[in-house]
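Topology and contacts: notes
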Amino acid sequence: VIGDDRLYVWEPSPPSWTADDRENGYGAAVSALSYNDNIVTVRVTAGRRTDEAPIIRPALEYLTIQNFVRTVAAGGTAQLVTKRDPGTDQWMISGSIPVGSAPITLELPVSDPARYAAAALYDALTRRGVAVRVRPLARHRNAGEPFVVPEGREVASRVSPPLRQLVETMLKVSQNLHAELLLREAGRITEGDASNDSGLRALGNFLKEHRATEQEWRAEDGSGLARNDLVTPRLILRVLEDEYKARSE
């Protein structure tokens, strides 16, 4: 089972995202092959007694988790801290959770979404009795490498919801991953290749149509998570006015 995300250039995150961003679900790695928003949901359940270790159970056995959480006396507040070994899927969870507390749910991002998606498919196949001899792998494409359409026979496909619905969801919940994917898709459609840079060029060309100047905006990603992203209220107002007039004509 191979997770192939070569439709987009392999750039897990824009260069100006901070290390803290990458350790949170809102800063999940970006990939053309994304599954479950590229996060693993982990459930932390307190022990029945203070001398009993809490149970940490991920939704999918993919991450390597070191459990340093303690069960403490009832009545307090759970305090959990997560820390990842940079660039890996090895996590340390520490802190405390009181006896009788409701389970705590954590969302931990994965480092390689394509391999994560392959692992999820591998897990689904093996649970249904399908023998898979090789562990799941990922296949990426670096900048400068041309995209080659994979060979093989298609056995299943899934059609995405319309763009309008995708954008509505993205804006409603502030889904950074979806914004990053839409930026790269814009680059693929307008620039012929999907990358962060091609998406930013597509964005720049769009803003030029609205008479944007270099002093009115600066962007380094599609979500706005990058600290260097800036845009003037005047430019946003101009874009909205132009688009409204175009739709009214």
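What comes next concerns the included structure. The structure presented is a predicted model; accordingly, all values stated were derived computationally and were not measured.

In this section: the overall build of the chain. The number of helices and strands found in the chain is 6 helices and 10 strands. On the principal axes, the C-alpha backbone points of the chain span a range of 70 × 50 × 30 Å. Buried positions account for 35% of the 249 residues belonging to the chain. Pairs at least 24 residues apart make up 60% of the contacts formed inside the chain by residues separated by at least 6 positions. Within the structure as shown, the chain displays about 15,600 Å² of accessible surface, and the carbon and sulfur contribution to it stands at 52%. Across the chain, 31 positive and 34 negative side-chain charges occur, with their mean positions spaced 5 Å apart.

Turning to its location among the elements, Asp5 is positioned in the loop between strand S1 (2-4) and helix H1 (19-22). No salt bridge is formed by the buried Asp5; the nearest opposite charge belongs to Arg6, separated by 6.7 Å. In terms of polar contacts, Asp5 uses its side chain to reach the side chain of Ser31, at 2.8 Å. Setting aside chain neighbours within four positions, we find Asp5 in contact with Trp10, Ser31, Ala32, Leu33, Ala114, Arg139 and His140.

What follows is about unusual backbone geometry. The phi dihedral of Asn36 is positive, around 55°, even though this residue is not glycine. Along the chain, Asn36 turns up in the loop between H1 and strand S2 (39-45). One non-glycine residue, Ser174, adopts positive backbone phi at about 55°. Relative to the helices and strands, Ser174 resides in the loop between helix H3 (163-173) and helix H4 (176-191).

In this section: the pattern of salt bridges. Applying the stated criterion across every chain, the model contains 13 salt bridges. Where Asp242 meets Arg211, a salt bridge forms, and the shortest distance between an N and an O atom there is 3.2 Å. Residue Asp242 is found in helix H6 (residues 233-248), and its partner Arg211 is found in the loop between helix H5 (196-208) and strand S9 (217-218); the two are separated by 31 residues along the sequence. Arg238 is the partner of Glu216 in a salt bridge, and the nearest nitrogen-oxygen pair spans 2.6 Å. With Glu216 in the loop between H5 and S9 and Arg238 in helix H6, the pair connects residues that are 22 residues apart, well separated along the chain. Take Arg238: its relative accessible area is 14%, and that puts it in the buried class. Bridged by salt links that share partners, the residues Arg48, Arg49, Asp51 and Glu52 form one connected network.

Reading the values: rules and limits
Residues numbered from 1 in each chain as written. Predicted model: local features only at pLDDT ≥ 70, side-chain atom pairs only at ≥ 80, totals over all residues. Heavy atoms only, no water. Helix = DSSP H or I, 4+ residues; strand = E, 2+ residues; numbered from the N terminus. Buried < 20%, exposed > 50% of the residue type's maximum accessible area, 1.4 Å probe, protein only. Contact = heavy atoms within 4.5 Å. Areas by Shrake-Rupley, 256 points an atom, 1.4 Å probe, with all protein chains shown as cover. Lys, Arg positive; Asp, Glu negative; His and termini not counted. Charge placed at Lys NZ, Arg CZ, Asp CG, Glu CD. Salt bridge = Lys/Arg side-chain N within 4 Å of Asp/Glu carboxyl O. Polar contact = N/O pair within 3.5 Å; in protein donor to acceptor, adjacent residues only side chain to side chain.

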